[in-house]
Amino acid sequence: MQGYILKRVLIAVFTIFAVLTVVFFVFRLGPADPVSVMLPPNATPQDAENLTKKFGLDQPLGIQYVNYLKNASQGDFGASFRFGEPALRVVFERFPATLKLGMVAFTVSVIIGLAIGIYSAVKPDSIVDRFGRVTALAGMSLPSFWVGVMLILFFGVTMRWLPIAGRGTLLHYVMPAFCLSLYPIALITRLSRSSMLDALKSDYVVMARIKGVPEFYVILLHAFKNASIPVITVIFGVLSGLMLGSTVVVEYIFSWPGIGRLVMESYFARDYPVVQVFVIFVTFVVVTLNLIVDIIYAYIDPRIRYQ
Amino acid sequence: MLRPVLRLCFIGTVIFMIFFIVPVSTVSAASDDTVRVGIPYDISTVNMLEIKLGSDIPVVLLMHQSLLIPHPETGERIGALAKSFEILENGKKIKVTLYQGAKFHTGDPVTAHDVKFTYDECANPSNGNLMAGALDEIEEIEVKDDHTLIFHFWEAYAPWEELMWLGICSKKYYEKVGPEKFRSNPVGSGALRFVERRIGEHVLLEVVKGYPLYDVEGYPEETYNYKYLKVITVPDDMTRLAMLETGELDLVGRIQPHQVKRLKRNKHVTIKKSDQVPSLVGIAFLPYTDPVMMDRNLCLAARYGINRQEIVDKILLGEGYPLYMYASRAELGYDPNVAYEYDLEKAREFLKKSSYKKGTPLTFTYTSMVPNAPLIAALIQQYLQRVGFTIKLQQLEEGTAATYTRNRDKRLGHMRLYEWPGSRDPDLRLRLSSLSTSDYATVTNRPRREEYDKLILAQTREMDKAKRADLIRQIQDIMSYDAIGAILYGQNMIYGMSDRVDYTWTPKEAYFPHLQRIKILK
Amino acid sequence: MQTNQDTLLELQDVTTTFFTKQGEVRAVDGVSFSVNKGEVVGLVGESGCGKSVTSLSIMRLVPQPAGKIVAGKILFNSEDLMEKTNEEMRQLRGDRLSMILQDPMVAMNQLLTVGTQLGEPYKFHDKVSGSLRDMCIRLLEKVKVPAPESRVDDYPFQFSGGMSQRALIAMGIANSPDLLIADEPTTALDVTIAAQVLKLMKEIQKETDASIILITHDLATVAQLCTRVLVMYAGRIVETAPIKTFYKHPAHPYSMGLIRSVPVLGRPVDRLFSIEGQPPSLFAMPKGCRFAPRCNRAEKRCFKQYPPETRLEADHSVACWLYAED
Ligand SMILES: Nc1ncnc2c1ncn2[C@@H]1O[C@H](COP(=O)(O)OP(=O)(O)OP(=O)(O)O)[C@@H](O)[C@H]1O
Ligand code: SF4
Ligand SMILES: [Mg+2]
């Protein structure tokens, strides 16, 4: 297990390095440069030169890259072009907002998704199952942009039940979290339903019932434990998505000060340092979550553990 | 069998802790004494010394006072920190006398040293300030005493007033706390004091009690009946307006004409307009893509072939005015008599006379910078096709377009739709975009190049207002003769507010001016 | 058929139907039989004839939601199981009523230790006295799993096939049930292991005096363990006979076919013999005798009407027109 984790960490470091390199060059070789984007319309060529120097973009690309790696390895990712503050701080100031919204949406999606999924597998063709199937279809196909706008117009403007945008109270979470969790709910519902159906059909479930195990334990301990392996993959996929940018649209509509919006805006402003920090962060989170998933698998499935 | 349940509880607790240990915001000021203004972008800095974007100016100026400010009702320039200006040596020197009694939020008095410090720092290239280039006109600032200083210009500089808006920062405070701290918590002498900035969320400012702390002649009396002013970033237009409707925002600017109808149905929203605001849209012809774009007849064909009034009526829904020259209504040199009436026959004749080969596709580029750009581009394509052009539309991302522009990249296409916020004084714009030696000039080989360049430089140095206006008119004449493109229209500034507040736009200003003058009604 | 005091289980006209998209399937069609206390009954028949569904019907665990027991009574200790609530059934299951599934590899939950699964019959019937782990170890001992103290914490994938089947049997007998249904307990095992398992079952039967319904294709197995045989064909019981009678004088042509296809030691094996043809599709059941399309002694009426049950001896009855008294 330790060797395995070490291997994973090494791969992660390499991944981050590779991703960084790609991002570094893709940006710099792309059509737009940050100086032109940042300059006001009445800037003089002198201004442009100053800014180029200030951003360190006057040096040859190779030297920029080496400097960049050197600084990055020391934890210095440079200052955001746009905000003039350390990019690391800019990103991490905004991360809690995404994390909190993501956690709420995640918890909601997992609870509702699993509840509907499991229930409709246990009682196929019941009202819950039918409702779940319709919601899953809706959640899969309705664009969150449209849902967000409709929510705002209905619950915000017409009914005045919920605040439209910003943060502060728990009520502020309702609409964006709902909007965010729609797709994950659909995903988790569908998957947990189908894998639960498979599990409930299997012989070990019949055997458990033969032994007189109460239905609650049959479903959760015997069936769900087996069904959970594919479900966990999806759940963690949802989690990393929620923390890393599937939130962009929702953050934009609900003016949520999260990381997704920051990165989108930074990309358009060609604020390289911020985007680079984000990329490292993404890689880090994805790798960590994958590691966690692997550990959970091993925890759930002894066959993996004993290999 | 309790184990799975216990485990669930444990996981729940962990999630709960992550959720609440991460600090919940914020200085949540009581909403009754807070005025909330919605803007679509982030305030990228609150540090006057490092301003890079014009959109940051309105917020920064709330915290800082300037030597000169526009009068909130007339838009005319009046002294704020400066009590008087004296033009010496025919404009080469300007002597400024400061009001006594003005104070920074730290309590320190505003002195001539602070003024010099601010101007020097803004001109310092390493700060990347957007005024750095313009401030090159100043050779030196000489402090005579605490309340007197002299601006030395290299040469007489006619639009010197355009340099007088910088928000004066406290030198003492800056030296005490250093640039890092100053950046995150700046101190000025404006009507509002900085409280906090949360990137992606808002900038919160607090009214300074008893402001202004000194008498300003000719400036209407100010009292503020709110305590906090919160400038909130709401990127999405629909959301911002919905928040205005529900009262979550008190004031929103830059409302698009087609959005007005819905807002007007809401009796809690007041809509106001200003037709003096220089928000202008035009088409630039880009000669380096294809020399045919320098053909005067081609340009005239486009100018006559576009029905500007129809664009104003159809797309702006009447909220604007057709424009025929490269100057806004608010600008020196604007001449209401210049017009290219829509005339299809004339346009076709000009096109025939031009060297344009029928059927050659011309690329027309637009970005999201111009409101309703796709619609407008499509409409212009129609007009030009009717004249006999073949037009291919191309949408670019703003950053890409900006870079192409700077590098004179052919991929920018033959023409480009663009918007500029204009200014009151055309000087900087003329020198940057029209002077044939400028990096930004789209047309550098005009037939009357030498005469034109000379006029531009001359107007910079002409201190006599009437004579200068005449020079600028001559420049405009040449411009309207040259094939630089077609100016289309100016768009009204439409702004809306909840019935809780009242606010009136200062004429001639492009960004939210004098936000501190919002009044709470009830 | 009358109920006497020795009768533990009695099925009366039990019909179990699957409602599928293709149509209704009567997997068990009016089955009646009884099992006495301490008796070992063999239930034999071709694959798909409804043996498993019959046993699941007794357990009231017919696969949901397609399957349903649509008619009949299932008397267990003179109480009708059909009238019991789910909770009452749950309490019976794993306690008085138990079953062993066919394939231990899929019948065991791969994610739980053998011990956990062994302990469940105790735990959910409040039969835990002392350490549950010890009880499980003793149970493993009983089914002759070596080194039970360490094996109890193993996972099923660490068990061999034979050991798994033993563990599965252990789960079935944990609470010394009155009735144990063993659904092909040896099919998944190779011959020697199968023999050991059967021996074990025999011993257990002696020890616990449980009634056993042994489901199998294999008549040799039946011969070793059972006192009586039920022959099932296409959802119905076609012959009931004591084991000796069954081997000597099988009455039903299908039974005869079955016996002829069994290799017997010391007799040359008629290798080529097997019952010709396929069992009927359950969707298109013949109107008359279900075996008629394959029966070499079929008469006209065999195709018209289902034969009535005829009692040949006190404990030997058959459903075939050959024996019907007109
Ligand atoms: N879940 C189900 N849905 C629909 N039909 C089913 C289902 N389970 C069983 N059946 C039907 O019931 C019939 C009897 O099945 P059963 O499993 O009882 O056969 P069996 O005698 O146990 O066969 P085998 O010896 O192969 O185990 C099958 O032919 C099948 O068509
Ligand atoms: S009833 Fe007829 S067809 Fe059926 S087994 Fe007897 S003889 Fe054969
Ligand atoms: Mg079976």
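Preceding this paragraph is the structure being described.
A short tour of the structure in this document, coming up. (Residues numbered from 1 in each chain as written. Chains lettered and ligands numbered in written order. Predicted model: local features only at pLDDT ≥ 70, side-chain atom pairs only at ≥ 80, totals over all residues. Heavy atoms only, no water.)

Attention now moves to the overall build of chain C. Helix and strand content of chain C: twelve helices and twelve strands. For chain C, whose C-alpha radius of gyration is 20 Å, the value lies close to the compact-globule estimate of 20 Å for 326 residues. Expressed as lengths along the three principal axes of its C-alpha atoms, the size of chain C is roughly 65 × 50 × 40 Å. Within chain C, the proportion of its 326 residues that are buried is 54%. Taking the intrachain contacts of chain C between residues at least 6 apart in sequence as the baseline, contacts between residues at least 24 apart amount to 64%. (Helix = DSSP H or I, 4+ residues; strand = E, 2+ residues; numbered from the N terminus. Rg over C-alpha atoms; globule rule 2.2 N^0.38 Å. Buried < 20%, exposed > 50% of the residue type's maximum accessible area, 1.4 Å probe, protein only. Contact = heavy atoms within 4.5 Å.)

This brings us to helix α14 (residues 465-481) of chain B. Residue and element names in this part refer to chain B. Helix length check: α14, at 17 residues, gives a terminal C-alpha distance of 24 Å against a target of 24 Å (1.5 Å per residue), a fit within 8%. Against α7 (296-305), α12 (427-433) and α13 (449-461) lie the buried residues of α14. Capping the start of α14 is the job of one residue whose side-chain oxygen sits 3.0 Å from the backbone nitrogen of Ala466: Asp464. (Expected span 1.5 Å × (residues − 1). Polar contact = N/O pair within 3.5 Å; in protein donor to acceptor, adjacent residues only side chain to side chain.)

Quick look at empty space enclosed by the protein now. The probe, sized like a water molecule, is rolled over the atoms to show the empty space still left. Residues and elements named next belong to chain C. Going through the model one piece at a time under the given rule, you end up with seven cavities of 30 Å³ or more. For the largest cavity, the calculated volume is near 90 Å³. Around the largest cavity sit 14 residues that line it, and Cys289, Cys295, Cys302, Cys320 and Trp321 are the ones nearest its centre. A breakdown of the residues in the lining of the largest cavity according to their chemical character gives twelve nonpolar, one polar and one charged. (1 Å grid on protein atoms, 1.4 Å probe; cavity = no way out; pocket = protein on both sides within 12 Å on 5 of 7 lines; lining within 4 Å. Points joined across faces, edges and corners; volume = space filled by probe spheres on them. Nonpolar A, V, L, I, M, F, W, Y, C, P; charged D, E, K, R; others polar.)

Attention now moves to the site of ligand 2. Residues and elements named next belong to chain C. Around ligand 2, the neighbouring residues are His252, Pro253, Cys289, Ala292, Cys295, Arg297, Ala298, Cys302, Pro307, Cys320, Trp321 and Leu322. Here ligand 2 is seated within the largest cavity. Grouping the amino acids of the shell around ligand 2 by side-chain chemistry returns ten nonpolar, one polar and one charged. (Near = heavy atom within 4 Å. Sits in = over half its atoms within 2 Å of the grid points.)

Here we take up the packing of aromatic side chains. Residue and element names in this part refer to chain B. Within the structure shown, the criterion is met by 37 aromatic pairs over all chains. Ring geometry for Tyr495 against Tyr503: centres 5.9 Å apart, planes inclined by 80 degrees, an arrangement best described as edge-to-face. Owing to a relative accessible area of 2%, Tyr495 belongs among the buried residues under this scheme. The class of Tyr503 is buried, set by a relative accessible area of 2%. Where Tyr495 meets Trp505, the ring centres are 5.2 Å apart and the plane angle is 50 degrees; that geometry is what we call tilted. Here Tyr495 is found in strand β19 (residues 493-498), whereas its partner Trp505 is found in the loop between β20 (501-502) and β21 (519-520), with ten residues between them in sequence. (Phe/Tyr/Trp six-rings, centres within 6.5 Å; stacked < 30°, edge-to-face > 60°.)

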